[in-house]
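# Descriptive structure summary
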Amino acid sequence: MTSTMGLVIMGVIVVSSIIIMIKTYNRWGPKCAICHRTMPLNGMLFLKDGKVCNVCRNSVGFDHSAATVELAKDITVAKMILMQENQILIDPTAKLQAKKAAEKKQAQAQYQRYHEIKDYFKDNVTLRAGDLYISDTRRQIFLDISMDQEKYEVYKYEELVDFELKQTHVIQHIHEDGATTVVNGIWYTISDSDREISEISEIYLNMTFSGQNTKTRVFLDHTIPADSIDCQHALKKAEKYERVLQHVKDQPRKSPAKITFTVTSGK
Ligand SMILES: [Zn+2]
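One structure accompanies this document, and this report is about it.

Thresholds applied
Throughout this description, residue numbers start from 1 for each chain and increase along the sequence as written. In keeping with the model being predicted, local features are shown solely for residues with a pLDDT of at least 70 and side-chain atom pairs are shown and tallied solely at 80 or more, while totals for entire chains, interfaces and linings include all residues. Side-chain numbers here rest on the full set of heavy atoms in the structure, without hydrogens or water. Take a side-chain nitrogen of Lys or Arg and a carboxyl oxygen of Asp or Glu: if they are within 4 Å of each other, that pair is a salt bridge. Strands here mean DSSP runs of E at least two residues long; helices mean DSSP runs of H or I at least four residues long; both are numbered from the N terminus. Remark: exposure states derive from per-residue accessible area (1.4 Å probe, protein chains only) relative to the maximum for the residue type, with buried under 20%, exposed over 50%, and partly exposed in between. Side-chain atoms within 4.5 Å are what join buried Ala, Val, Leu, Ile, Met, Phe, Trp, Tyr and Cys residues into a set we call a nonpolar core. Only heavy atoms matter for contacts: two residues are in contact if any of them lie within 4.5 Å across the pair. For Na, K and Ca the donor cut-off is 3.2 Å, while for other metals it is 2.8 Å, and in both cases only N, O and S atoms qualify; water is not among them, so sites may look incomplete. The rule is simple: four donors are tetrahedral if all their angles sit between 85 and 135 degrees, four are square planar and six octahedral if opposite donors span more than 155 degrees and the others lie between 65 and 115, and anything that fits none of that is irregular.

Turning next to the pattern of salt bridges. Overall, the coordinates contain seven salt bridges when judged by the stated rule. Residues Asp162 and Lys249 are paired through a salt bridge, measuring 4.0 Å at the closest nitrogen-oxygen approach. With Asp162 in strand S7 (residues 160-174) and Lys249 in helix H7 (residues 229-250), this pair connects stretches of sequence that are 87 residues apart. Judged by relative accessible area, Asp162 falls into the partly exposed class, the value being 40%. A relative accessible area of 29% means that Lys249 is categorised as partly exposed. Its salt-bridge partner being Lys166, residue Glu164 comes within 3.8 Å of it at the nearest N-O pair. Glu164 gets classed as partly exposed once you look at its relative accessible area, which sits at 42%. Looking at Lys166, the relative accessible area reads 31%, which means it is partly exposed.

Let's shift gears to the nonpolar core. Residues Ile141 and Ile203 are the most contacted members of the largest nonpolar core, which totals 27 residues. Counting only elements with at least two residues in this core, the list comes to strand S4 (132-135), strand S5 (140-146), S7, strand S10 (195-209), strand S11 (213-220) and H7. No other element matches the eight residues that H7 contributes to this core. With residues up to four places along the chain from it excluded, the contact list for Ile141 reads Phe121, Leu132, Tyr133, Ile134, Glu153, Val154, Tyr155, Lys156, Tyr157, Leu160, Phe209 and Val248. The next biggest cluster of nonpolar side chains, apart from the first, holds 20 residues, and it includes Met44, Val52, Ile75 and Met80.

Let's shift gears to the coordination of the zinc ion. Protein-derived coordination of the zinc ion comes from Cys32 (SG), Cys35 (SG), Cys53 (SG) and Cys56 (SG), at a distance range of 2.3 Å. Each of the four donor atoms around the zinc ion contributes to a set of angles spanning 104 to 115°, which defines the coordination as tetrahedral. The motif formed by the donor residues of the zinc ion, counted along the single chain, is C-x2-C-x17-C-x2-C. Taken together, the positions of Cys32 in the loop between helix H2 (25-28) and strand S1 (45-46) and Cys56 in helix H3 (residues 54-59) put the pair 24 residues apart, joining distant regions of the chain. Exposure class is identical for Cys32 and Cys56. Each is buried.

Shown next as structure tokens:
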């Protein structure tokens, strides 16, 4: 009997909690970031940095289309308030199309710029190591960072502050287990001396450009014997970068522009 009573009490608590939640929705429900009215749970639009109600959504032309959702993701609350103030009414579908077209145009321009610069460095390369190209004619360094994303960086020779090739050596002590022999009834342990293996755990090169801008190229990131082919190969690659950068350093610095003082004699 008490368990039935318990269930009834539980039921009453749950039902009254729900009623209280509904009655007080205005107090705890989500508020519109612009007009601060409480919004129904299913009617809000998500902007980049907040959510807004249906009334505010409609006030700038946003509807319930997928185009609206897509555009809203990039619009801030501040921007939308500005749109309201200036009574800007957009057509979400047309706006999204225009936005995509602009993005495509920008990507094409970026692609073209990348290939123009890369072609120049390919044709006028003085020395090259991996993604590093230099051209004495332009006195510039080209870093071909990512071909897929058309990412690159160009520096003047003068901007190369320093470079450093680093390798970390590890000496591994291999303890040989001694063999045990019996001579004249006495146990002797013959222990060989420890064997040493020279290993390299990392090879990398830092290039520092002006403005404390450091670029790192990693050639080896795990421990392998120093005399292994892989290690020699990694070292060769790193040394090639070093030679290219040394060439840049060896170029005579352009003398700074002369400052001429014009002395005008006073009366
Ligand atoms: Zn609102």
